[in-house]
Amino acid sequence: MDDSATRLRRRTGEFIATKEHRRFVEFANAVRREAFIGLCFGPAGVGKTLSARRYAHWDAAEEFFDDWGVRRDEERQIGASLARSRTIFYTPAVKVTYAKLVADLDQLLIRADILIDDQVREGIVVSRGRRLHHVQLIVIDEAERLSGPALEDLRDRFDRRPIGLLLIGMPGLEKRFAAFPQLYSRIGFAHQYRPLTDEELAFVLARHWRRLGLTLDLDDFTDAQAIAAISRITRGNFRLLHRLFTQVARIMKINDLTVITTDVIEAARSTLVIGTE
Ligand SMILES: Nc1ncnc2c1ncn2[C@@H]1O[C@H](COP(=O)(O)OP(=O)(O)OP(=O)(O)O)[C@@H](O)[C@H]1O
Ligand SMILES: [Mg+2]
């Protein structure tokens with residue numbers, strides 16, 4: 001049986017450092033550097049969560065935090081990544097209670113601070129009683145799940161400690177925060193996460209083609225038509241693209257095909273349930 005990390009990777013596919021991802025990194029760096037509150041919003045499935053997790057090196061760190069106390073070989077490596085990103089990533093559960101949110105965040109902050117401390121101290125012994133403040137950015141995904149008191153707690157933390165706060169959600173997120181004037185007035189930046197442009201879609205598709213053992217040729221009529229169909233169906237949405245290609249791969253294999261035509265794309269599309277109209 002595959003381990004859960006492998007299964008998750010299959011669900012999300014291999015990460016591609018897109019232009020939108022680089023824009024996100026710049027944005028997160030600015031929020032962290034200036035210790036501001038930043039909002040990042042964009043439609044479902046464009047890649048917000050993946051970008052943020054990547055930024056925080058969270059795939060490795062999360063597992064480690066979940067099994068805290070179990071010593072692992074990768075401990076130093078994870079600490080080194082965290083020492084670079086200085087970021088924790090948190091996804092509140094649906095209807096998370098205020099008490100749970102506070103407890104979770106405190107635990108994450110303390111654990112991350114300890115791990116980073118082991119990296120940055122470099123042999124200088126400091127008193128263990130001192131509170132460490134190494135984390136510089138808290139990223140909260142699905143931020144629309146936060147209640148009024150939770151938002152108030154975050155604002156308070158933000159005021160007490162020079163820490164950046166990056167809230168991720170769907171378009172319209174900023175309107176929800178407008179109901180909390182103290183939090184709202186502290187928002188320094190808003191960032192829109194956009195779908196793939198056609199140019200970048202072609203780049204991403206070249207990788208999908210390669211994975212199927214094919215070569216994408218933009219000057220080839222069949223390939224150009226297939227790209228146009230994919231662009232129309234997915235509108236540059238990463239999640240749709242990933243789902244569509246899972247089906248394309250399946251159809252190619254069972255029919256023993258070697259060319260991705262618009263017929264293949266249409267057949268793949270017809271098996272997807274939603275979001276392609
Ligand atoms: N940079 C990327 N490289 C490769 N695949 C990606 C990338 N970004 C997103 N994807 C694909 O798109 C899917 C959706 O991405 P993600 O979960 O980050 O979207 P989201 O914007 O957070 O959506 P939601 O608003 O629904 O939470 C991923 O599971 C993955 O398959
Ligand atoms: Mg998401």
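Right, let's walk through the structure included here. Since the model is a prediction, treat every value here as computed from it, not as a measurement. (Residues numbered from 1 in each chain as written. Chains lettered and ligands numbered in written order. Predicted model: local features only at pLDDT ≥ 70, side-chain atom pairs only at ≥ 80, totals over all residues.)

Overview of helix H12 (residues 238–254)
An α-helical turn contains 3.6 residues, so a residue and the one three or four places further along point in the same direction.
Link 1 in the chain: End to end, H12 covers 25 Å across 17 residues, agreeing with the expected 24 Å (1.5 Å per residue, within 8%).
Link 2 in the chain: When H12 is considered as a whole, its buried residues turn out to be Phe238, Leu240, Leu241, Arg243, Leu244, Phe245 and Val248.
Link 3 in the chain: Where the residues of H12 are buried, they touch helix H10 (198–211), helix H11 (221–234) and helix H13 (262–271).
Link 4 in the chain: The positive-phi residue at the C-terminal boundary of H12 is Asp256, with phi of around 55 degrees. (Helix = DSSP H or I, 4+ residues; strand = E, 2+ residues; numbered from the N terminus. Expected span 1.5 Å × (residues − 1). Buried ≥ 20, exposed ≤ 12 C-beta atoms within 10 Å, placed from the backbone. Contact = placed C-beta atoms within 7 Å.)

A closer look at the nonpolar core
Link 1 in the chain: Core analysis: the largest hydrophobic core is formed by 56 residues, its most contacted members being Ala56, Leu137, Val139, Leu166 and Ile168.
Link 2 in the chain: Taken domain by domain, this core gets at least three of its residues from each of domain 1 (4–192) and domain 2 (198–271).
Link 3 in the chain: Residue contacts for Ile168: discarding those within four places in its chain leaves Cys40, Lys48, Ala52, Val139, Ile140, Asp141 and Ala143. (Core = buried A, V, L, I, M, F, W, Y, C linked by C-beta atoms within 7 Å. Domains from an automatic or database assignment.)

Section: the sheet that holds strand E4 (residues 164–169)
Link 1 in the chain: The strand order across the open sheet formed by 5 strands is E2-E3-E4-E1-E5, and the pairing between neighbours is parallel. With one partner strand each, in any of the chains shown, strand E2 (87–90) and strand E5 (187–192) form the two edges of the open sheet. Pairs of neighbouring strands in the sheet enclose a mean axial angle of 15 degrees, with direction left out of account.
Link 2 in the chain: Relative to E4, strand E1 (residues 37–41) runs parallel, the two being bridged by 5 bridges. If you follow Cys40 over to E4, its bridge partner there is Ile168.
Link 3 in the chain: Packed onto the sheet, helix H6 (residues 98–120) meets E2 and strand E3 (137–140) and runs at close to 150 degrees relative to E2. (Pairing = 2+ DSSP bridges. Axes fitted to C-alpha atoms, helices over the stretch in contact; angles between N-to-C directions.)

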